[in-house]
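# Reading the structure
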Number of protein chains: 2
Amino acid sequence: MARCRVPLLSGWITPFIMGFLLCMSIPLASAKVRRYRWEVTYELQSPDCLEKLVIAINGRTPGPTIMAQQGDTVIVEVKNGLLTENTAIHWHGIRQIGTPWSDGTEGVTQCPILPGETFIYKFVVDRPGTYIYHAHYGMQRSAGLYGSIHVSLPDGISEPFAYDYDRNIVLNDWWHKTTHEQAAGLSSIPFVWVKEPQSLLINGRGWFNCSQAGTAVCNSTNPQCSPFVLTVVPGKTYRLRISSLASLSAFNFEIEGHNMTVVETDGHYVEPFVVKNLNIYSGETYSVLVVADQEPSRNYWAALNVVSRKPDTPPVSPSSTTTPTTPPPSPTAPPAGPLWNDTEYRLNQSLKIRARRGYVYPPPTTTDRVITLLNTQNRIDGHTRWALHHTFSQSAPPETYDRANYDIFKQAANPNATYSDAVYRLKFNSTVDIILQNANSMVPNNSETHPWHLHGHDFWVLGHGPGVFDPVNDPLRKYNLVDPIMKNTVAVHPYGWTAIRFVADNPGVWAFHCHIESHFFMGMGIVFEEGVERVGRLPAAIMGCGDSHHLRRH
Amino acid sequence: MARCRVPLLSGWITPFIMGFLLCMSIPLASAKVRRYRWEVTYELQSPDCLEKLVIAINGRTPGPTIMAQQGDTVIVEVKNGLLTENTAIHWHGIRQIGTPWSDGTEGVTQCPILPGETFIYKFVVDRPGTYIYHAHYGMQRSAGLYGSIHVSLPDGISEPFAYDYDRNIVLNDWWHKTTHEQAAGLSSIPFVWVKEPQSLLINGRGWFNCSQAGTAVCNSTNPQCSPFVLTVVPGKTYRLRISSLASLSAFNFEIEGHNMTVVETDGHYVEPFVVKNLNIYSGETYSVLVVADQEPSRNYWAALNVVSRKPDTPPVSPSSTTTPTTPPPSPTAPPAGPLWNDTEYRLNQSLKIRARRGYVYPPPTTTDRVITLLNTQNRIDGHTRWALHHTFSQSAPPETYDRANYDIFKQAANPNATYSDAVYRLKFNSTVDIILQNANSMVPNNSETHPWHLHGHDFWVLGHGPGVFDPVNDPLRKYNLVDPIMKNTVAVHPYGWTAIRFVADNPGVWAFHCHIESHFFMGMGIVFEEGVERVGRLPAAIMGCGDSHHLRRH
């Protein structure tokens, strides 16, 4: 029962120091088993006052927050209580070292959980930090199947920052159409887009103007849609663990009149920097410190604004921070946030995020392989898709796109693309760079933000830049090999590039995809396979579909 | 390749003349294989002008009509193209002799078909007649997954009635809420009822007043909801094959100014009788002969009216019969049909239905077992359910209810009930009578019509009567043992009883349930198990869920 104090104190463990990792995975004296029993069901609820069928866990959306301590084993028994639909749940940010079958990625790491059946997820939370979980099947995440995971430090170990209270802020966007209808539209010829959300949710609560609800049931006094209120004690410091489960939107979050100090993202300590408002992309988590240092006799807006896409959703106006008494809402209008199309503003925030001093673990200085993924919209068999390399026809996916001849600032001359098997086979323990090169979609003068999420790993964010990535000069001039942040989700900005690096040291198959629900649904994802020969006997419970029918056992 | 002319000429085969049956199941010289390849998908369609997600087969609802000849083998490859939902399809009226695993009853005869997977149904259509198919999973039938099966006589054999043209008429009711939302409401505490349908469909087309559509997409000129028009040639005789796939409603169907001669029901020839309008319950099929003998210069309404429940749905007004030219709609108002609450009118039609002379096969004169099923609403763990025996707590289901002390005309004093395993184990080849005893629901002065459907068999309809069944006198005075019709679906009328008899000679497990989608969903069904030791090796394709995970093989 060795206590691995040094790596624990470092706050995070990089994937390739396997000796330390193994040490870490030895149960600490204090390690506990945290057991949860969940039932996933459809429920009629009114998250934004308009009644709609949601997918809930034990009757709630967001679902219960998993509270654990570094080194604990989390066991979640998920009973599928849906009538005709299967499900699967992904533990976003948990690397599943040694338990790749618990990653919850339907079609990649497991067959779906059938109605009436129970699947047991079991994994170790090996690092402290703020994580999330959500359905990874169809578009069920968008129907409400998501929640938070908070992993605290072991007893006696402190965070490198101080706060008085710890609060959870889960951000989301919300549609009134069912996810089935959204998915059917996305699959249709002609293509039917989901459009902008009808409301934005903070901790599962939003506000829709019932006068526009038509024949739908909508009640603006329903307690389910009463605004989320964060009551604060004057002078105290709050750690807000902010996460975005957005299906589509990039968000800017602001608390009127209060600065925020960014201290953590995706389970990694950030060299602190102060912002007036925070850009956050789907799949990301941030911890920010907020001091309740403003005049305590009034309330302040907590404003959630859409950025990167032209907003067409009413802002979440009823939310506000408040003192323990309940004075009237803020006397001012909610903050409008930055200009929605100010890409440079968001790029600058991305560039500010570096690993905290004392918690830096530098990346390998060289790489074994560079894969360039062109982010662009295409057409496959008449369907609109988010493809990754414009056109290709190999059965194995390509390493790059035709840099010399492809103009990322224009629509592709020929938007027709084809499928590949989308599986990249990585040499075990090799270092891999991914260049995410953004481009124009099929709409003129339009390039979108894509938050890319990697399963089973954290990656170093080597750099971001505008325009076309220059493979000769950009690594030399723009890569940060000194103190790059590690993350599991990172955005590529419109018409820009983002470079990441990771070590393929976690045996398994791991999805890497845009975390926008509709983009992933439209094909924007690949799979990395690494060291599968090192994965032991697979549990029978993940089998039973496709080619694994005959492998399912109790 | 013996031709079994005598039983063929008799028009139907009773289940217990196994010698004949075996003879029948030998492929006739003309027997063909009819192969269908279907993909089940969600589609945005507008069956009643209001756009809604439907479950379609090859893009259509109703799905393709299966056209086969007696003795043919039908093979349907069903690919599940839904995103997250499983499916299963039941071939309603096909007894599946020797192929119980092809009955398509999810949870009884097979595991569901997973998204992306293909299940192959293969069965012999051993009798001529009019049948239907539909999803037998969740409430997917109500979402549009249904169609018709027409089995013609072998070459050289004629029906015992003449007609010039053969036309299909599929009746249904239609809701704008999704079936997921309906199901969630039915499962909720408090209970949320589905209420009356928003429209009625003839051959998948209805009409909803778009001015009441709120924010929903609704276009009254959408060709998908153009009225169904049956164009007729003056003087000719039409065989209309009328079937009801209703989720809730009992229907009365009438063609303005035209009599109908009832000649077939559920694949059995009826001693012809003439009606002005036809009562038809969910799961039933009828063939009627209609002569286009009215003034040909005008059109005539085909009117579908709801009976048994107080109508709250606009009648299908745009439908009409028409001559080959397209004159304006009928100059008159659509027929209003009989009074919706005239139970006696409907009971009288039920009593008129007898086997056609020359095609009578009398039932066994005695029975080995009588099971009485009290049809009543109960509460189980706070949920509203359609239970079958008021209260009981055995693990095996009971043979009858407490006749002496239960007042069928009142709500139960204690509506609380419990679950049983609902499986009745029948002695192979034994004769079984079922007494369906209707009662008051949990609503005062309310008893509903329940159309009961038996899988794997036809049954003789021994009798119907009002009030409480008298086990001493009613069999003597009210049973028809001379020429009872055989059917697979029969109604029990409000506050009345219906007695049926069948022979448990088809090895397998077979559902017996109310064909109202919400009633079945609320528990109104049981399972008969008979001769399972005679069923050979089960196909691996039906396995893979529940206790059969480990049995699934390719």
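Rules used throughout
Residues numbered from 1 in each chain as written. Chains lettered and ligands numbered in written order. Predicted model: local features only at pLDDT ≥ 70, side-chain atom pairs only at ≥ 80, totals over all residues. Heavy atoms only, no water. UniProt positions renumbered as here; feature names shortened; annotations may be inferred. Helix = DSSP H or I, 4+ residues; strand = E, 2+ residues; numbered from the N terminus. Contact = heavy atoms within 4.5 Å. Areas by Shrake-Rupley, 256 points an atom, 1.4 Å probe, with all protein chains shown as cover. Salt bridge = Lys/Arg side-chain N within 4 Å of Asp/Glu carboxyl O. Polar contact = N/O pair within 3.5 Å; in protein donor to acceptor, adjacent residues only side chain to side chain. Nonpolar A, V, L, I, M, F, W, Y, C, P; charged D, E, K, R; others polar. Least-squares fit on C-alpha atoms with pLDDT ≥ 70 in both. Buried < 20%, exposed > 50% of the residue type's maximum accessible area, 1.4 Å probe, protein only. Pairing = 2+ DSSP bridges. Phe/Tyr/Trp six-rings, centres within 6.5 Å; stacked < 30°, edge-to-face > 60°. Lys NZ or Arg CZ within 6 Å of the ring centre and 35° of its normal. pLDDT = per-residue confidence, 0-100. Core = buried A, V, L, I, M, F, W, Y, C linked by side-chain atoms within 4.5 Å. Domains from an automatic or database assignment.

- An unreviewed UniProt entry lists chain A under the name L-ascorbate oxidase, with Spirodela intermedia given as the organism.
- Recorded under Subunit (unreviewed entry), the UniProt text for chain A is reproduced unchanged: "Dimer."

## So, the overall build of chain A
- Secondary structure assignment for chain A yields six helices and 30 strands.
- Within chain A, contacts between residues at least 6 apart in sequence are counted, and of these 79% link residues at least 24 apart.
- Element-wise, carbon and sulfur atoms account for 55% of the exposed surface of chain A, whose accessible area totals about 20,300 Å².

## Digging into the interface of chain A and chain B
- Facing the 34 residues of chain A at the interface are 33 residues of chain B.
- Joining chain A to chain B, the criterion identifies zero salt bridges.
- In this assembly, chain A and chain B are joined by five residue pairs in polar contact (both at pLDDT 80 or more).
- The element that contributes the greatest number of residues to the side of chain A that touches chain B is helix α3 (residues 179-187) of chain A, accounting for four residues.
- Class assignment of the residues belonging to the side of chain A that touches chain B gives a composition of 14 nonpolar, 14 polar and six charged.

## Here's the deal with the relation of the copies chain A and chain B
- Expressed as a screw transformation, the operator carrying chain A onto chain B has a rotation angle of 180° and an axial translation of 0.0 Å, and the superposed copies differ by an RMSD of 0.0 Å. Taken together, the turn and the small shift mark the pair as related by a two-fold rotation axis.
- The overlap is high: 97% of the interface residues of chain A also sit at the interface in chain B, so the same surface is used on both sides.

## Remarks on the pairing of strand β12 (residues 237-244) of chain A
Residues and elements named next belong to chain A.
- Counting buried residues in β12 gives eight out of eight residues, a clear majority hidden from the surface.
- Burial along β12 is two-sided: the residues T237, R239, R241 and S243 and Y238, L240, I242 and S244 are all buried.
- Judged from the seven bridges that link them, β12 and strand β17 (residues 285-291) form a sheet pairing that is antiparallel. Its bridge partner lying in β17, S243 is registered against T285.

## Points about the packing of aromatic side chains
- Scanning the entire structure with this criterion turns up 41 aromatic pairs over all chains.
- Aromatic side chains F191 of chain B and W193 of chain B sit 6.2 Å apart centroid to centroid with 25° between the ring planes, which places their arrangement in the stacked category.
- Taken together, Y36, W38, W91, F119, Y121, F123 and Y133 of chain A form an aromatic cluster joined through their ring pairs.
- The lysine or arginine in question, K52 of chain A, covers the ring of W174 of chain A, its NZ or CZ lying 4.4 Å from the ring centre.

## Points about the side chain of S148 of chain A
Residues and elements named next belong to chain A.
- With respect to the helices, strands and loops of the structure, S148 is situated in strand β8 (residues 146-152).
- The class for S148 is buried, based on a relative accessible area of 2%.
- Side chain to side chain, S148 and N168 meet in a polar contact 2.9 Å long.
- Not counting chain neighbours up to four residues away, the residues in contact with S148 comprise P64, T65, I66, Y131, I132, Y133, N168, V170 and S243.

## Quick look at the sheet that holds strand β21 (residues 383-387) of chain B
All names here are of chain B.
- Pairing is mixed in the open sheet, where six strands are placed in the order β21-β20-β23-β28-β25-β26. Every interior strand has two partners, whereas the edge strands, β21 and β26 (486-487), have only one.
- Here strand β20 (residues 369-380) runs beside strand β23 (residues 431-438); their pairing, made up of seven bridges, is parallel. Paired with R369 across the strands is V432, a residue of β23.

## Some points on the environment of N305 of chain B
All names here are of chain B.
- Within the secondary structure, N305 sits in strand β18 (residues 300-307).
- When the C-alpha positions of N305 and F253 are compared, they lie 6.5 Å apart, and in sequence the two are 52 residues distant.
- One polar contact links the side chain of N305 to the main-chain carbonyl oxygen of P335, over a distance of 3.1 Å.
- In terms of polar contacts, N305 uses its side chain to reach the backbone carbonyl oxygen of A336, at 3.4 Å.

## So, the pattern of salt bridges
All names here are of chain A.
- Using the criterion set out here, one finds 44 salt bridges over all chains in the structure.
- For R239, the salt bridge identified is with E159, shortest N-O distance 3.1 Å. Here R239, found in strand β12, pairs with E159, found in the loop between β8 and β9 (165-174); they are 80 residues apart in sequence, far enough to count as distant.
- For E159, a relative accessible area of 17% puts it in the buried group.
- Between K487 and E284 there is a salt bridge; the shortest N-O distance is 2.9 Å.

## Focus on the confidence of the model for chain A
All names here are of chain A.
- When pLDDT is averaged across chain A, the result is 89; 89% of the residues are at 70 or more.
- This model gives residues 1-27 a pLDDT under 50, and the stretch forms 55 contacts once residues within four places in sequence are excluded.
- A low-confidence stretch, residues 317-327 stays under pLDDT 50, and its non-local contacts, those more than four residues away or across chains, total 37 contacts.

## What to know about the nonpolar core
- Judged by nonpolar contacts, the single largest core of 63 residues is most densely connected at F253, I434, F512 and F528 of chain A.
- Counting the residues that make up this core, at least three belong to each of domain 2 (165-352) and domain 3 (369-534) of chain A.
- In this structure, F512 of chain A is in contact with L373, I434, L436, W452, H453, L454, I500, G525, I526 and F528 of chain A, ignoring residues within four places of it in sequence.
- In this structure, L230, V275, V432 and L454 of chain B belong to the second largest nonpolar core, which totals 62 residues.

## Some points on helix α3 (residues 179-187) of chain B
- By the criterion of burial, α3 of chain B is predominantly enclosed, with eight of the nine residues buried.
- Those residues of α3 of chain B that are buried are in contact with β1 (33-45), β2 (52-57) and α3 of chain A together with β1 (33-45), β21 and α6 (517-521) of chain B.

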